[in-house]
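The chain contents come next:
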There are 2 protein chains.
Amino acid sequence: MRIRRKKGTKEKIVLHDDLLVLEPEQMLGKWHEFFGNDYPIYLEVGTGFGQFIRGQAKKNPKINYIALEKIEEVLIKTIMTTKEEGITNLRFLWFNANQLELIFAENELDKIYLNFSDPWPKNKTAKRRLTHSNFLNKYQEILKPRAKVEFKTDNQLLFEFSLNEFSKEGWKMENICLDVGNRGPEDNIQTEYETKFSGLGMPIYRLEAINPK
Amino acid sequence: MRIRRKKGTKEKIVLHDDLLVLEPEQMLGKWHEFFGNDYPIYLEVGTGFGQFIRGQAKKNPKINYIALEKIEEVLIKTIMTTKEEGITNLRFLWFNANQLELIFAENELDKIYLNFSDPWPKNKTAKRRLTHSNFLNKYQEILKPRAKVEFKTDNQLLFEFSLNEFSKEGWKMENICLDVGNRGPEDNIQTEYETKFSGLGMPIYRLEAINPK
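Please read all numbers here as calculations on a predicted model, not as lab measurements.

A.B. asks: Looking at this structure, I do not really get the overall build of chain A. What am I missing?
C.D. replies: From N to C terminus, chain A includes eight helices and seven strands. By the compact-globule yardstick of 17 Å for 213 residues, chain A fits well, its C-alpha radius of gyration being 16 Å. Considered along the principal axes of its C-alpha atoms, chain A spans approximately 40 × 40 × 35 Å. Split into buried and exposed, the 213 residues of chain A put 51% on the buried side. Accessible surface computed for chain A: about 10,400 Å², of which carbon and sulfur atoms make up 49%. Of the charged side chains in chain A, 33 are positive and 31 negative; the average position of the first set lies 5 Å away from that of the second.

Take a look at the structure:
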């Protein structure tokens, strides 16, 4: 996504500390305490403008959602929309996905969503893809046993790569779908990208992968 | 494939018993004896006109190939071509894939090829698809541990179904490819269908699945 960087956003975003968790490392192993309930905790890595995760949060008040986004200009808009919509079971992290293990303890999460992640198409940048085996190994740690990663993308190369990575690392997959527009789940909530690309008739790919631990 | 059925083909085909194994049940557990060597045995289920398996056989003289086809009008042509090409490490079975366990013993095979299998697109006929879990369980028996099923198709629905079935049954997959024409193996040997559909710019899907036993 092409984003116009704006001076002063960093200063502005920290004012939203009602929805933005400013020092997430402090929450390691304490997220249930933070939310004040025992509901499951679902994480979205790379939330963008948050259409997907806001939709989920509105639909499932008994699930706690955490959405991670590294680009502050995007995140601030998403936080504003979340406030306008009065959503209370969703918090945000301004954080890079490389260090998830610093903010979540073993077995702390019940689901991870990856939606339209950056495909990093060049081979030499494959390690940055959010479904690279290095990332899968982190997800395996912080997710509960048998908990799922749910992954959607419009990028065929990234999807192909991801099928191979999940399989190599021993994650069983289910509901693999090569055309979400025609055969996806009935309760599919679209991301911004998905709305755009589906509208153009481009295929959307999806899978669910089960933590092998 | 649309085939013109011809009277008398059944009578003609049995005359080719130099390449056609007429009573394959007799060979159960004795295929190495039959071939007179210890080379690996590769099976293609549904060989059609055999372009793929003849290509393999010519390229790999130290592998024994068995090709199974149930439609006799197709099979007789394939046998004739194989004779014309002087191929000696390929034999044919006029047999239905439902009863593979009657002709191959446990661990007798080193690889199974499924190429452009009938997609049986209606849900109620899903059990006839050659990658249905019922078939995978048979392949698991007759293949050696860690041996592979290699599968190619132009049918997106069948490929999607197959990804899910293999994963469900615990087969690890590798070299999953959603566009063989652009990213397939360098030594890819095309089937007749593949030549036709690739030429039309249609995507070909491919995967390799590893026997989980």
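Having seen the model, we can carry on.
A.B. asks: Looking at this structure, how should I read the confidence of the model for chain A?
C.D. replies: Close inspection of predicted coordinates is inappropriate for parts of the model with low pLDDT. Confidence along chain A averages 93 in pLDDT terms, with 98% of residues attaining 70 or more. This prediction of the complex comes with two scores: 0.92 for pTM and 0.90 for ipTM.

A.B. asks: Help me out: how do you make sense of unusual backbone geometry in this one?
C.D. replies: Most of the time, phi is negative for any residue but glycine, and the peptide bond is trans. The phi dihedral of A:Trp120 is positive, around 35 degrees, even though this residue is not glycine. Structurally, A:Trp120 can be placed in the loop between strand 4 (109-115) and helix 5 (133-142).

A.B. asks: Would you mind going over the sheet that holds strand 3 (residues 90-94) of chain A with me for this structure?
C.D. replies: The strands that make up a sheet pair up through hydrogen bonds in the backbone, lying either parallel or antiparallel. All names here are of chain A. Spatial ordering of the open sheet is given by 3-2-1-4-5-7-6, a layout of seven strands whose pairing is mixed. For this open sheet the edge positions go to strand 3 and strand 6 (172-177), each flanked by a neighbour on one side alone. Strand-to-strand twist across the sheet, computed as the mean angle between neighbouring axes with direction ignored, equals 20 degrees. The sheet contact formed by strand 2 (residues 64-69) and strand 3 spans five bridges and is parallel.

A.B. asks: Help me understand the relation of the copies chain B and chain A in this model?
C.D. replies: Note: a rotation about an axis with an accompanying shift along it relates these two copies of the chain. Expressed as a screw transformation, the operator carrying chain B onto chain A has a rotation angle of 180 degrees and an axial translation of 0.0 Å, and the superposed copies differ by an RMSD of 0.0 Å. In the structure described here, the two chain copies are related by an operation that fits a two-fold rotation axis. A symmetric contact is evident, with 100% of the interface residues of chain B recurring at the interface of chain A.

A.B. asks: Any chance you could explain the packing of aromatic side chains here in plain terms?
C.D. replies: Aromatic rings considered in pairs are described by the distance between their centres and by the relative angle of their planes. For the coordinates displayed, the defined rule picks out 26 aromatic pairs over all chains. Ring geometry for B:Phe151 and B:Phe159: centres 6.1 Å apart, planes at 10 degrees, overall stacked. Like B:Phe151, the residue B:Phe159 is buried in the burial classification. An aromatic cluster is defined as three or more aromatic residues linked by ring pairs; in this entry it consists of A:Trp31, A:Phe34, A:Phe35 and A:Phe104. B:Arg128 extends its terminal NZ or CZ atom over the ring of B:Trp120, reaching a point 4.6 Å from the ring centre.

A.B. asks: Can you help me understand a nonpolar patch on the surface in this one?
C.D. replies: A contiguous nonpolar surface patch, about 270 Å² in accessible area, is contributed by A:Val14, A:Leu15 and A:Leu22. Of note, A:Leu22 is situated in the loop between helix 1 (9-13) and helix 2 (31-35).

A.B. asks: Please clarify how the environment of B:Leu109 should be interpreted in this entry.
C.D. replies: Residue and element names in this part refer to chain B. Tracing the sequence through the fold places Leu-109 in strand 4 (residues 109-115). A sequence separation of 36 residues divides Leu-109 from Pro-145, and the C-alpha atoms of the two residues are 9.7 Å apart. The contact partners of Leu-109, leaving out residues within four places of it in the chain, are Ile-41, Leu-43, Phe-104, Ile-142, Leu-143, Lys-144 and Ala-147.

A.B. asks: Is there a simple way to explain the interface of chain B and chain A in this structure?
C.D. replies: Often the size quoted for an interface is simply the accessible area lost on bringing the parts together. The interface of chain B with chain A comprises 20 residues on the first partner and 20 residues on the second. For the chain B and chain A pair, buried surface summed over both sides reaches about 1,600 Å², with 49% attributable to carbon and sulfur atoms. Summed over the three residues of chain B that lose the most area to chain A, namely B:Glu160, B:Ile176 and B:Leu178, the buried surface amounts to 33% of that side. Joining chain B to chain A, the criterion identifies two salt bridges. A salt bridge links A:Arg183 to B:Glu160; the nearest nitrogen and oxygen atoms lie 2.7 Å apart.

A.B. asks: Sorry, what's going on with the pattern of salt bridges here?
C.D. replies: Oppositely charged side chains can pair when the atoms bearing their charge come close. This model, assessed by the stated rule, comprises 28 salt bridges over all chains. Where B:Lys59 meets B:Asp187, a salt bridge forms, and the shortest distance between an N and an O atom there is 3.9 Å. With B:Lys59 in helix 3 (residues 51-59) and B:Asp187 in the loop between helix 7 (180-183) and helix 8 (192-199), this residue pair connects regions lying 128 residues apart in the sequence. Take B:Lys59: its relative accessible area is 44%, and that puts it in the partly exposed class. The salt bridge involving B:Glu174 is made with B:Lys148; its shortest N-O contact spans 2.8 Å. Here B:Glu174 is found in strand 6 (residues 172-177), whereas its partner B:Lys148 is found in strand 5 (residues 143-153), with 26 residues between them in sequence. Since its relative accessible area comes to 18%, B:Lys148 is described here as buried. Taken together, the shared-partner salt bridges connect A:Lys111, A:Lys148, A:Glu150, A:Glu174, A:Arg206 and A:Glu208 into one network.

A.B. asks: Please explain the sheet that holds strand 7 (residues 205-210) of chain B as it appears in this structure.
C.D. replies: Residues and elements named next belong to chain B. What the seven strands build is an open sheet, ordered 3-2-1-4-5-7-6; its pairing is mixed. The open sheet is flanked by strand 3 (90-94) and strand 6, the only strands paired with a single partner. Taken over all neighbouring pairs, the strand axes of this sheet differ in orientation by 20 degrees on average, direction set aside. With five bridges joining them, strand 1 (residues 41-45) and strand 2 (residues 64-69) adopt parallel strand pairing. Across the sheet, residue Glu-44 finds its bridge partner in strand 2, namely Ala-67.

Conventions adopted
- Residues numbered from 1 in each chain as written.
- Chains lettered and ligands numbered in written order.
- Predicted model: local features only at pLDDT ≥ 70, side-chain atom pairs only at ≥ 80, totals over all residues.
- Heavy atoms only, no water.
- Helix = DSSP H or I, 4+ residues; strand = E, 2+ residues; numbered from the N terminus.
- Rg over C-alpha atoms; globule rule 2.2 N^0.38 Å.
- Buried < 20%, exposed > 50% of the residue type's maximum accessible area, 1.4 Å probe, protein only.
- Areas by Shrake-Rupley, 256 points an atom, 1.4 Å probe, with all protein chains shown as cover.
- Lys, Arg positive; Asp, Glu negative; His and termini not counted.
- Charge placed at Lys NZ, Arg CZ, Asp CG, Glu CD.
- pLDDT = per-residue confidence, 0-100.
- Pairing = 2+ DSSP bridges.
- Axes fitted to C-alpha atoms, helices over the stretch in contact; angles between N-to-C directions.
- Least-squares fit on C-alpha atoms with pLDDT ≥ 70 in both.
- Contact = heavy atoms within 4.5 Å.
- Phe/Tyr/Trp six-rings, centres within 6.5 Å; stacked < 30°, edge-to-face > 60°.
- Lys NZ or Arg CZ within 6 Å of the ring centre and 35° of its normal.
- Patch = residues over 30% accessible without salt bridge, like charges linked within 9 Å, V, L, I, M, F, W, Y side chains within 5 Å.
- Salt bridge = Lys/Arg side-chain N within 4 Å of Asp/Glu carboxyl O.
- Buried area = accessible area lost by both parts, 1.4 Å probe.

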